[in-house]
Amino acid sequence: MSADTPDGRRRGRLTVYLGAAPGVGKTFAMLDEAVRRRARGTDVVVGLVETHGRPATAAKIGDLEVVPRRAVGHRGVELTELDVDAVVARGPDVALVDELAHTNAPGSRHAKRWQDVHDLLDAGIDVVTTVNVQHLESLTEDVEAITGVRQRETVPDHVVREADQIQLVDLSPQALRRRLAHGNVYRAEQIDASLSAYFREGNLTALRELALLWLADRVDDALTRYRADHAISGTWPARERVVVAVTGGPESATLLRRGARIAERAAGSELLAVHVLATDGLPTASPAAIAADRALVESLGGTFHTVVGEDVASAVVDFAHGANATMVVVGVSRRSRWREAFLGSTSAEIARLSGSLDVHLVTHERARSGRVARRGWSPLSARRRVAGFVLAVAGPMGLTALLDAGREAVGLPTQVMLFLALSVGVALVGGMWPALACAVVSFLCLNWFFTPPTGLLTVADPENLLALLVFALVAAAVASVVDLSARRTVQAYRARAEASTLAALSRSVLSGEDTAEAVVARLAQTFQLRRVALEERARTDGRAQAWSTVAVADRAVDTGIPGTASTDTTSPVRRARRGHGHGEETRTVVSVDDDLRLVLDGRPLPAGDRQVLEAFGAQAGIVLEYRRLREEAAHAAVLAEADATRTALLAAVSHDLRTPLAAIRAAVDGLRSPGAVLEPQDRTALVETAASETERLEQLIDNLLDLSRLQTGSVAPVLRDVSLEEIVPVAVEPHGPRVALDVPEDLPLVRTDPGLLERVVANVVANAVRFAPPEEPVRVRASASGGIVEVRVVDLGPGVPDDAKERMFESFQRLGDAGGHGVGLGLAVARGFSRAVGATLVPEDTPGGGLTMVLTVPVAPPREPGARTEREERA
């Protein structure tokens, strides 16, 4: 926080006094520090301290220099805020600024006080400030759940976290309640309400715990940086951290729940799950199982981590030391006792390498069961394996016959090398087992035909025996390497294909596409399946219902093109017999969760493909959940808009409809009163009042009806060629001398709906007349340019700010004209009708002040020779 600024100046240091609730003594502690610093010769000023009418706080300021505040006027009230410029001009070493989360009055340089503090820090001034834990942005929901009060003023957590120093001002709930009861926090009339509401002992205890835990996280971050800076790898048990080693197997859920129970025993503890990948990055567990483990960890309040390591035990221990963990939870090995005796176990190796870490060994259902993942027979195709075995038998025999014919020219070392080359070739063709068979046959051939004494399975020369043994070992090693390379190649291709497919699905999800169909279509194409269906089971009252198909993809049998429906009406068995597909057709069901599954019809799938399918199933679940959330959000938005419209309509009925009705009723009562003797001018005034309010009421009802028509899409314009002389004068007539009209007679005809366009002009002019000064008429001018006709309605009223120009076209918006007539529908209806007839309505600023509404109407297309206008037809 105190790094230098870009221009090379020293940045000020920030000190924050953090409290759990108002009244714990943060401001007192800040003033005490100011007094101590001033006694040491530091230049300290009070930028802003809120006393809230507390005499003790005001007395604590004492003779500290106070920088005058800046006055800000808002709605007729004068407010005072921190004067940043005055503090910077004063240039002290330290400035006190109270209440960091405070929201500044409108018109201030920044919206929040913490932004003012940043300006002081940038100027090289150290700042001491205060903040309560309920104002931290990340804790607002927690505080609301505890106290029932939503905090409106917040400060981003990073502002406080990046402070150079954080001091916790702590006070027990009982002591704080006593301080409140003595009148040291709030005024007397607020004490009883505060004690029974926000300042209940349970609330204060929870807030105190929140403050302590939040500060503990900040201290832990500082400790982590210190350990990294000083290369400290040993465990410092300052906080309970439990690391659970998960494999993705069925026992992982048991381990995670046990680790969560252990972590819950200590307040502030953390749960971390770690999964180790091989250094080649290829997965050793089902992606769906890993995703389930990740979801379980997050639901238990922990975090999931994936690390890469050649040795699983070392990787787990290294991760635990790096996270400063105190305990590692690991499951009992699934290997049988005899396999563990020869191969060892990961849990035992973790315990051996743990050092100062505690190791918690958890048993489970699969412990000592001997059920571990086994490798398949070979990753190579059956054709290559058969070819490899044939070559393993025929190759040594053919090579033996060839070498026997040239026995005098080729010695035993060369013969051994040739047989070794043959074994390598067999390994490349058929894998490990054919290569081992070839090595055995080659060994026997070399021993029988070429190693003295020939014709016997004995070796006279020890050197020849060593050569044969080396030959067998090298052949076996080469075969093993080739087999491992083939397995890794297949795994790498599968992992790359899976990653590519899932990445494509993720892109489509993020782009907002409906990808449930994309999932099943890609599955059908990738695995060459005839049909893939995604099925979901709904639940009613907790009971499962029948499965229903969410998305389906059929591959055409004859063409193999994905996404096209099959036109073959024969049975699947007959299609299989005809040779379509891959042998006999089967149905495979892959369960994503209890209520979601994939149903696949087509060729039987190997185990490796079934494992990849689980990843697709998990992605399908995410797609459905995303679509469901998107639909719920759209539905909620519609409901919110309808609710807002309903609320505004109720307000219109309760106020804007009632007002003209009350005026009409008063006028009518005055006219019909039997005992009243009215002068002619009074009677005329009452009649005019009733007439004008009736007209106003009609206009309001018309706007409400028009708005409902626009929202339901029932506006059907009838476009025809018409002159503006027939529309604009009629629209502005009710306003008489308040409107100055300028519509040239030589304007071209426009293509529009005359009735709707008249309503547009009438509403726009009525809005302009309402805001224009009485002494200045509203000017309505029309002009033609190119293929359009513009009608400009110009007023010299107060105008509209740029950020509100579009908002004023929304329904029930009056932009601060709370005391005016109407419910803010006129411009909304005008914009809707203008779009309906193909016109545009755009606001502009009037030069010198005011608002100009520009209505642009398209010119009518040229008439055919002999065609008459509507005016000519009426004449």
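Residues numbered from 1 in each chain as written. Predicted model: local features only at pLDDT ≥ 70, side-chain atom pairs only at ≥ 80, totals over all residues. Heavy atoms only, no water.

### Section: the overall build of the chain
Here comes step 1: Looking only at helices and strands, one finds 27 helices and 24 strands in the chain.
Here comes step 2: The burial tally for the chain puts 40% of its 875 residues in the buried class.
Here comes step 3: Summing over all exposed atoms, the chain offers an accessible surface of approximately 45,900 Å²; the carbon and sulfur share of this is 55%. (Helix = DSSP H or I, 4+ residues; strand = E, 2+ residues; numbered from the N terminus. Buried < 20%, exposed > 50% of the residue type's maximum accessible area, 1.4 Å probe, protein only. Areas by Shrake-Rupley, 256 points an atom, 1.4 Å probe, with all protein chains shown as cover.)

### What to know about helix α25 (residues 754-771)
Residue pairs three or four apart in sequence face the same way in an α-helix, which turns once every 3.6 residues.
Here comes step 1: For α25, with 18 residues, the first-to-last C-alpha span of 26 Å sits near the 26 Å given by 1.5 Å per residue.
Here comes step 2: Counted residue by residue, α25 has 13 buried out of 18 residues, so it is predominantly covered. (Expected span 1.5 Å × (residues − 1).)

### With respect to the sheet that holds strand β23 (residues 840-845)
Hydrogen bonds between backbone groups are what pair the strands of a sheet, and the pairing can be parallel or antiparallel.
Here comes step 1: Strand order in the open sheet made by the 5 strands is β19-β21-β22-β24-β23, with mixed pairing throughout. Taken across any chain shown, the strands that pair with only one partner, and hence form the sheet edges, are β19 (739-742) and β23. Across the sheet, the mean angle separating the axes of adjacent strands is 20° when strand polarity is ignored.
Here comes step 2: When β23 meets strand β24 (residues 851-858), the two strands line up antiparallel, connected through 6 bridges. The partner of L841 across the bridge, within β24, is L855.
Here comes step 3: Seen against the sheet, α25 touches β19, β21 (778-785), β22 (788-795), β23 and β24 and runs at an angle of roughly 170° to β24. (Pairing = 2+ DSSP bridges. Axes fitted to C-alpha atoms, helices over the stretch in contact; angles between N-to-C directions. Contact = heavy atoms within 4.5 Å.)

### A few points about the sheet that holds strand β10 (residues 270-277)
Here comes step 1: Here we have 5 strands laid out as an open sheet, ordered β11-β10-β9-β12-β13, and parallel in their pairing. The strands lining the two open edges of the sheet, one partner per strand, are β11 (303-308) and β13 (358-362). Adjacent strand axes in the sheet meet at a mean angle of 25° when their direction is disregarded.
Here comes step 2: Both β10 and β11 contribute to a ladder of 6 bridges, which runs parallel. If you follow L272 over to β11, its bridge partner there is T303.
Here comes step 3: Against the sheet, helix α10 (residues 252-264) contacts β9 (241-245), β10, β12 (327-331) and β13, and its axis sits at roughly 175° relative to β9.
Here comes step 4: In the packing of helix α11 (residues 287-299) onto the sheet, contacts are made with β10 and β11, and the angle to β11 comes to roughly 140°.

### Concerning the packing of aromatic side chains
Here comes step 1: The final tally for this structure, using the stated rule, is 0 aromatic pairs.
Here comes step 2: Seen from the ring of W547, R597 lies directly overhead, with NZ or CZ sitting 4.2 Å from the centre. (Phe/Tyr/Trp six-rings, centres within 6.5 Å; stacked < 30°, edge-to-face > 60°. Lys NZ or Arg CZ within 6 Å of the ring centre and 35° of its normal.)

### Re the pairing of β12
Here comes step 1: The element β12 is largely enclosed, with a buried count of 5 among its 5 residues.
Here comes step 2: Pairing geometry for β9 and β12, over 3 bridges, is parallel. Residue pairing across strands places V243 opposite V328, the latter belonging to β12.
Here comes step 3: When β12 meets β13, the two strands line up parallel, connected through 5 bridges. Bridge assignment links M327 to a residue of β13, and that residue is D358.

### A few points about the pattern of salt bridges
Here comes step 1: A complete count under the given rule lists 23 salt bridges for this structure.
Here comes step 2: D170 is the salt-bridge partner of R208, the closest N and O atoms lying 2.8 Å from each other. One end of the pair, R208, is in helix α9 (residues 201-229); the other, D170, is in the loop between β8 (165-169) and α7 (173-181), and 38 residues separate them in sequence.
Here comes step 3: Since its relative accessible area comes to 37%, D170 is described here as partly exposed.
Here comes step 4: Between R751 and D721 there is a salt bridge, and its shortest N-O distance comes to 2.9 Å. You can see R751 sitting in strand β20 (residues 750-752) and its partner D721 sitting in strand β18 (residues 720-722), a full 30 residues away along the chain.
Here comes step 5: A residue is classified by how much of its surface remains accessible, and R751, at 33% relative accessible area, is partly exposed. (Salt bridge = Lys/Arg side-chain N within 4 Å of Asp/Glu carboxyl O.)

### Details of a nonpolar patch on the surface
Here comes step 1: Judged by side-chain polarity, L391, L428 and V429 come together as a nonpolar surface patch covering roughly 220 Å² of accessible area.
Here comes step 2: Among the secondary structure elements, L391 is positioned in helix α15 (residues 382-405). (Patch = residues over 30% accessible without salt bridge, like charges linked within 9 Å, V, L, I, M, F, W, Y side chains within 5 Å.)

### Let's talk about the confidence of the model for the chain
Here comes step 1: Of the residues in the chain, 72% reach a pLDDT of 70 or more, and the chain-wide mean stands at 76.
Here comes step 2: The lowest-confidence element of the chain is helix α20 (residues 572-578), averaging 35 in pLDDT; the highest-confidence one is strand β6 (residues 94-97), averaging 93.
Here comes step 3: Segment residues 370-376: pLDDT under 50, and 12 contacts once partners within four positions in sequence are set aside and those in other chains are kept.
Here comes step 4: Counting contacts from residues 815-823, a segment whose pLDDT is below 50, to residues more than four positions away or on other chains yields 18 contacts. (pLDDT = per-residue confidence, 0-100.)

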